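A closer look at the structure
Each chain is listed here by its residues.
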2 protein chains.
Amino acid sequence: MQISEVAKKFDLTTDTLRYYEREGLIGPIAKGKNGIRNYTEDDLQRIQFVKCMRAAGLEISFLKRYLQLFDEGDKTVKERREILVEQRKILKEKLDAMQEAYDRLNYKIDLYDKNMLDKKLM
Amino acid sequence: MQISEVAKKFDLTTDTLRYYEREGLIGPIAKGKNGIRNYTEDDLQRIQFVKCMRAAGLEISFLKRYLQLFDEGDKTVKERREILVEQRKILKEKLDAMQEAYDRLNYKIDLYDKNMLDKKLM
DNA sequence: ATATCACTTAGAGTTTACTTTAAGTCAATA
DNA sequence: TATTGACTTAAAGTAAACTCTAAGTGATAT
């Protein structure tokens with residue numbers, strides 16, 4: 001699959017896909033004799049993973065480290081697990097903070113709906 | 001309350017507090033004759049709100065607009081409510097994406113714990 | 001008195017994650 | 001054959017949100 005199709009499929013730009021490859025998150029993607037990238041099914045699975053994690057705010061540097069260990073095979077299993085647990089903790093904290101803000105927004109909108117703003121400063 | 005105390009209380013730096021003020025999110029904070037900021041209870045409440053929303057990833061530009069409308073009084077109630085609803089939607093989408101990533105991380109860690117990695121590529 | 005410490009300012013610098021630019025290759029269509 | 005369109009590269013540029021630097025003021029401790 002060519003880069004523009006992949007970009008479309010995952011709603012990323014071709015620039016972003018090449019950037020991820022430069023950073024070592026994906027690939028190196030095999031190229032035809034004309035130098036054009038040809039993404040395999042495995043590449044697509046990896047992009048899907050990266051996209052999901054990036055959408056959650058996990059950093060490029062973490063993904064890079066994790067995926068490079070992944071490529072080194074079984075001997076890195078323990079370290080990879082540790083990294084995942086660490087990132088899960090960070091993610092959980094962010095999730096909780098966001099839930100709190102979400103609840104607060106809901107509460108405020110509710111006050112607006114009930115014309116009860118006068119009782120609140122913020 | 002002086003800036004360093006406020007910074008400590010909210011686990012922000014004094015630079016960040018001055019930056020928020022420069023950007024019009026808070027203040028202008030009243031200053032003593034020596035030019036030193038003296039934060040009021042109302043200032044603190046507002047900082048708490050800003051911190052909560054920033055922790056959830058809401059942009060400075062939104063907070064700036066919202067809080068400036070807030071300062072303009074009752075005539076902006078309708079617009080403020082609209083902004084909140086819009087931001088709530090954005091936040092909800094992020095929350096869902098993060099929940100998805102969180103579930104995925106949990107699942108992966110579970111696979112690592114069960115030595116079942118061989119069955120999965122990613 | 002002098003040093004230390006917390007504060008002040010304007011403006012420059014940093015980090016992260018892209019995004020754009022410039023210059024070029026190659027295949028297909030008018 | 002010329003141009004259109006998708007692709008390629010390296011490197012520079014951008015946006016957001018801080019963060020740091022330099023230079024200075026004023027109160028207090030030695």
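Anyway, here's the lowdown on the structure attached to this text. (Residues numbered from 1 in each chain as written. Chains lettered and ligands numbered in written order. Predicted model: local features only at pLDDT ≥ 70, side-chain atom pairs only at ≥ 80, totals over all residues. Heavy atoms only, no water.)

**Notes on the environment of Ala56(B)**
Here Ala56(B) is to be found in the loop between α3 (41–55) and α4 (60–72). On the accessibility criterion, Ala56(B) (3% relative accessible area) is buried. Considering only alpha carbons, one finds Ala56(B) and Leu95(B), 39 residues apart in sequence, at a separation of 9.2 Å. If we skip the residues at most four places from it in the chain, Ala56(B) touches Ala97(A), Met98(A), Ala101(A), Leu91(B) and Lys94(B). (Helix = DSSP H or I, 4+ residues; strand = E, 2+ residues; numbered from the N terminus. Buried < 20%, exposed > 50% of the residue type's maximum accessible area, 1.4 Å probe, protein only. Contact = heavy atoms within 4.5 Å.)

**Section: helix α3 (residues 41–55) of chain A**
Given a rise of 1.5 Å per residue, 15 residues ought to cover 21 Å, and the 21 Å separating the end C-alpha atoms of α3(A) matches this to within 8%. Among the residues of α3(A), Asp43(A), Leu44(A), Arg46(A), Ile47(A), Phe49(A), Val50(A), Cys52(A) and Met53(A) are the ones counted as buried. Elements in contact with the buried residues of α3(A): α1 (3–10), α2 (14–22) and α4 (60–72) of chain A together with α5 (77–113) of chain B. In the stretch just after α3(A), Gly57(A) is the one whose phi turns positive, near 90°. (Expected span 1.5 Å × (residues − 1).)

**Looking at the interface of chain B and chain A**
One frequently used descriptor of interface size is the decrease in accessible area upon assembly of the parts. Every contact between the two is made by 40 residues of chain B and, on the other side, 40 residues of chain A. Between chain B and chain A, the buried area comes to about 4,100 Å², and carbon and sulfur atoms account for 74% of it. The three residues of chain B that bury the most area against chain A are Met98(B), Tyr112(B) and Met122(B), which together make up 18% of that side's buried surface. The interface formed by chain B and chain A includes two salt bridges. With its nearest N and O atoms 2.4 Å apart, the salt bridge here joins Asp113(B) to Arg81(A). Counting the contacts that link chain B with chain A gives ten residue pairs in polar contact (both at pLDDT 80 or more). Elements represented by at least two residues in the side of chain B that touches chain A include exactly α3, α4 and α5 of chain B. Examining the composition of the side of chain B that touches chain A, we find that 24 residues originate from one element, α5(B), more than from any other. For the side of chain B that touches chain A, the class distribution of residues is 24 nonpolar, five polar and eleven charged. (Buried area = accessible area lost by both parts, 1.4 Å probe. Salt bridge = Lys/Arg side-chain N within 4 Å of Asp/Glu carboxyl O. Polar contact = N/O pair within 3.5 Å; in protein donor to acceptor, adjacent residues only side chain to side chain. Nonpolar A, V, L, I, M, F, W, Y, C, P; charged D, E, K, R; others polar.)

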